[in-house]
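Results of the structural survey
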Number of protein chains: 2
Amino acid sequence: MDHTLTRVAVLGSTGSVGRQTLDVVRAYPDRFQVTGLAAGQNVELLLDQVAEFKPGLVCCVDPTSLRDRVDASVRVASLTEIACDPEVDVVVSAIVGKDGLDPTRAALEAGKCVALANKEAMVMAGNLLTQAARRGGGEIRPVDSEHSAVWQCLMGEDRDSVRRLILTASGGALRDLPVEALAEVSPEKALAHPTWQMGRRITVDSATLFNKGLEVIEARWLFDIPYEQIDIVLHRESIIHSMVEMVDGSLKAQLSLPDMRLPIQYALTYPERLPLDLLSVDFVKLGSLNFGRMDMERYPCLGVALAAGRKGGTYPAAIAAADEEAVAAFLDGHLRFTDIPHLLAGALDKHLPDTAASLSAIMDADAWGRRFAAEWIKEHSWT
Amino acid sequence: MDHTLTRVAVLGSTGSVGRQTLDVVRAYPDRFQVTGLAAGQNVELLLDQVAEFKPGLVCCVDPTSLRDRVDASVRVASLTEIACDPEVDVVVSAIVGKDGLDPTRAALEAGKCVALANKEAMVMAGNLLTQAARRGGGEIRPVDSEHSAVWQCLMGEDRDSVRRLILTASGGALRDLPVEALAEVSPEKALAHPTWQMGRRITVDSATLFNKGLEVIEARWLFDIPYEQIDIVLHRESIIHSMVEMVDGSLKAQLSLPDMRLPIQYALTYPERLPLDLLSVDFVKLGSLNFGRMDMERYPCLGVALAAGRKGGTYPAAIAAADEEAVAAFLDGHLRFTDIPHLLAGALDKHLPDTAASLSAIMDADAWGRRFAAEWIKEHSWT
């Protein structure tokens, strides 16, 4: 094996992060080799990707749909087989939601580097995943722009010298709408993120700032830092992706134009950097970087997410699952935008945590969150 | 020797950086030991420092003034003896002007870590000093806030992956004055720096932006990076001290409230960080960080400094010496503020560079710059 060749498996290859991962791979054919691709329902795109990148293993939700449509050299495998393939160096974990959890854990147990875009995994099971990484010798590399920023700022620094993390938040699609108008927000409006192009659920979660709460939980586990040392600041431009303050009062910030290829590529090439055709930030043209206070009244979902994180145990899994259902119901027109925090607050109130730190306890909490949400939606649906 | 004890010599202990170095030392009596102190004319303060920090070696411009005033345990020594003392780990080079050059070079040749605040040394003799460090195994640690920022941003990064450095500039005391009014500026006005408390010459050099030109030259040598890859951006708040852009488009910035103790302490404790009672930046209160274009018409001294840097050889030494004389004449009321760039442009035009890369060639260029300035001032003095 050429020592500069990185062998990559992409779990969730047809989603936003998965496709951008393959853009990075496409730009450096001599540096990367795709060993496995896994997708959900988008079989046509998956087949195109298989034809282009020629992985040894492939997977999708309905494996029969791949029959007779891939070469004999390509084997249909499970998510976990792809994640733990002895031929893979870096597993890009980009499946949205809880389905990414088990293969991510398996990859870490198998000693793989995991480029983690699936934030639910860390939110639901941060404790289990960090344990798995320690046990198996795996390494978690963040892909979320905020966590990649923190990670980049921590390069060469002693983790014990961190005073606090400052995650930045754009404020999402509805940041300039009067609070009174939030109840009438349409899915289209909530999906118009001011600075980032992302998937539908995460874009709505960015509008409610629930997503920022999940990021705080993820940061707590990724960087092993207490919640009290993680702050959020409103930063409309999404140029500073996050900051780290050290014990001597020195802050480091990581900045760039918003482009997910940067954190994806860095997670693949770390600690090296490869040239990327990302434009430089033009500070003169930009004029200013702006900051503001997080308005917790405008963003009640953020408060619920943070409370779930602080309660710990199965709370984050339950609340994240309830949120996924609530957002789906909002996008389907069954809930108002302002119903989402009420549903989440109810789930936080009613959840009975399981103190067993096990995957089954977490999956049970996830199922409970979905059931709670389904019932709540049935009661409150306005359509 | 206790492995956590750092033995420090301070060259220029009664100046601004020297006194702040001793503030840092005072805060951590178990971490630092002062082995030597050297000052210029301020013998009373030096004697106070000797009484407090009990160095083994001491030095000042007029050694006879110390006779019978220090304990028998304190030996009066030369600058170079203090810099090369086998008992010293870190030499803080904080003498302003060319007098710091020779002891700085000697310390690097002797394999010392040099915390370099004396920017003239690097400007005049960057080539010689980096060679001396390579030859002797010495290490140059920047103390200037801008260079410390770049250095901190480069921690853990491969130097070959740097796309560009961006030095920030506050714009100095006169940034909001109409260009037409600059001719009538008084020394008092030029000395009112908006964000930093510093010595008199550097404060005027900050008002003309000549200082920023010297910093570009210093950065070129410290980080071994071509001038074309060093940009300057106007940043009024002096919160972002400088930035580094990597080949993948990722930028890192180092930020803090303006306080020289931070870069001084970091240069003493690197790669470790020690707690410092420096307040956190309050981004919400701050509201915004602003950027603007460097107006080269407003700051002609900057252009001269950059041109001297690009010409290389003995040009920076000649121009820096001429500037020191010009600023002194301005502070003494013999020159107008707007005479300074004319004097410097004349020096740039008339200097005959010596291609020998030797200390004597550099000292000759320095002497030439001062003679040129003296004659120019005689011709143009308005008092």
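Summarised in this report is the structure supplied together with it. If you're wondering where the values come from, they're calculated on a predicted model, not measured in any experiment.

Further remarks concern the pattern of salt bridges. Summed over all chains, the structure comprises 65 salt bridges over all chains. Note that B:Glu245 is salt-bridged to B:Arg164, the shortest N-O span being 3.0 Å. Placement of the pair is B:Glu245 in strand S10 (residues 240–246) and B:Arg164 in strand S8 (residues 162–169), with a sequence separation of 81 residues. Salt bridges here are not isolated pairs; linked through shared partners, they connect A:Lys98, A:Glu120, A:Arg201, A:Asp205, A:Asp323, A:Glu324, A:Glu325, A:Asp366 and A:Arg370.

Attention now goes to the nonpolar core. Among soluble globular proteins, nonpolar side chains are generally buried collectively. Counting 92 residues, the largest nonpolar core has B:Leu165, B:Phe223, B:Phe337, B:Leu343 and B:Leu344 as the members making the most contacts within it. Looking at this core, the element that brings in the most residues is helix H13 (residues 315–331) of chain B, giving eleven residues. Excluding its chain neighbours within four sequence positions, the residues that come into contact with B:Phe337 are B:Leu174, B:Leu182, B:Ala183, B:Val185, B:Ala190, B:Val204, B:Ala207, B:Thr208 and B:Phe330. Judged by nonpolar contacts, the second largest core, of 91 residues, contains A:Ala77, A:Leu108, A:Val185 and A:Ala219.

Residue and element names in this part refer to chain B. Structurally, the position occupied by Ser-145 is in helix H6 (residues 145–154). On the basis of relative accessibility, which here comes to 6%, the residue Ser-145 falls in the buried class. For Ser-145, the residues in contact, after removing those within four places along its chain, are Trp-196, His-241, Gln-254, Met-260 and Pro-263.

This next bit is on the sheet that holds strand S1 (residues 6–11) of chain B. Residues and elements named next belong to chain B. One open sheet holds the seven strands; their spatial order is S4-S3-S2-S1-S5-S6-S7, and the pairing between them is parallel. In this open sheet, the two edge strands, each paired with only one partner strand, are strand S4 (75–76) and strand S7 (139–142). Across six bridges, S1 lies against strand S2 (residues 32–38) in parallel orientation. Bridge assignment links Val-8 to a residue of S2, and that residue is Val-34. Along the sheet face, helix H4 (residues 101–109) touches S1, strand S5 (90–93), strand S6 (113–116) and S7 and points at about 150 degrees away from the line of S6.

Pairing is mixed in the open sheet, where eight strands are placed in the order S9(A)-S8(A)-S10(A)-S11(A)-S11(B)-S10(B)-S8(B)-S9(B). Edge positions in the sheet fall to strand S9 (230–234) of chain A together with strand S9 (230–234) of chain B, since each of these pairs with one other strand and no more. With direction set aside, neighbouring strand axes in the sheet form an average angle of 20 degrees. Alignment of S8(B) against S9(B), held across five bridges, turns out to be parallel. Paired with B:Leu165 across the bridge in S9(B) is B:Ile230.

What follows concerns helix H9 (residues 210–222) of chain B. Residues and elements named next belong to chain B. Its 13 residues place the ends of H9 18 Å apart at the C-alpha level, agreeing with the 18 Å of an ideal helix rising 1.5 Å per residue. Burial analysis of H9 places twelve of its 13 residues in the buried class, the great majority of the element. For H9, the complete set of buried residues consists of Phe-210, Asn-211, Lys-212, Gly-213, Leu-214, Glu-215, Val-216, Ile-217, Glu-218, Ala-219, Arg-220 and Leu-222. Looking one or two residues past H9, Asp-224 carries a phi angle of roughly 50 degrees, positive in sign.

Okay, the relation of the copies chain B and chain A next. The pair of chain copies shares a relation made of a rotation about an axis and a shift along it. With an RMSD of 0.0 Å, the fit of chain B onto chain A corresponds to turning through 180 degrees and sliding 0.0 Å along the axis. Such a combination of rotation and displacement between the chain copies is what one expects of a two-fold axis. Within chain B, B:Gly156 has its C-alpha nearest the rotation axis, a separation of 2.1 Å. Most of the interface of chain B is mirrored in chain A, where 100% of its interface residues again form contacts.

Scoring rules and cut-offs
Residues numbered from 1 in each chain as written. Chains lettered and ligands numbered in written order. Predicted model: local features only at pLDDT ≥ 70, side-chain atom pairs only at ≥ 80, totals over all residues. Heavy atoms only, no water. Salt bridge = Lys/Arg side-chain N within 4 Å of Asp/Glu carboxyl O. Helix = DSSP H or I, 4+ residues; strand = E, 2+ residues; numbered from the N terminus. Core = buried A, V, L, I, M, F, W, Y, C linked by side-chain atoms within 4.5 Å. Buried < 20%, exposed > 50% of the residue type's maximum accessible area, 1.4 Å probe, protein only. Contact = heavy atoms within 4.5 Å. Pairing = 2+ DSSP bridges. Axes fitted to C-alpha atoms, helices over the stretch in contact; angles between N-to-C directions. Expected span 1.5 Å × (residues − 1). Least-squares fit on C-alpha atoms with pLDDT ≥ 70 in both.

So far we have only geometry, and geometry alone does not tell us how the molecule works.
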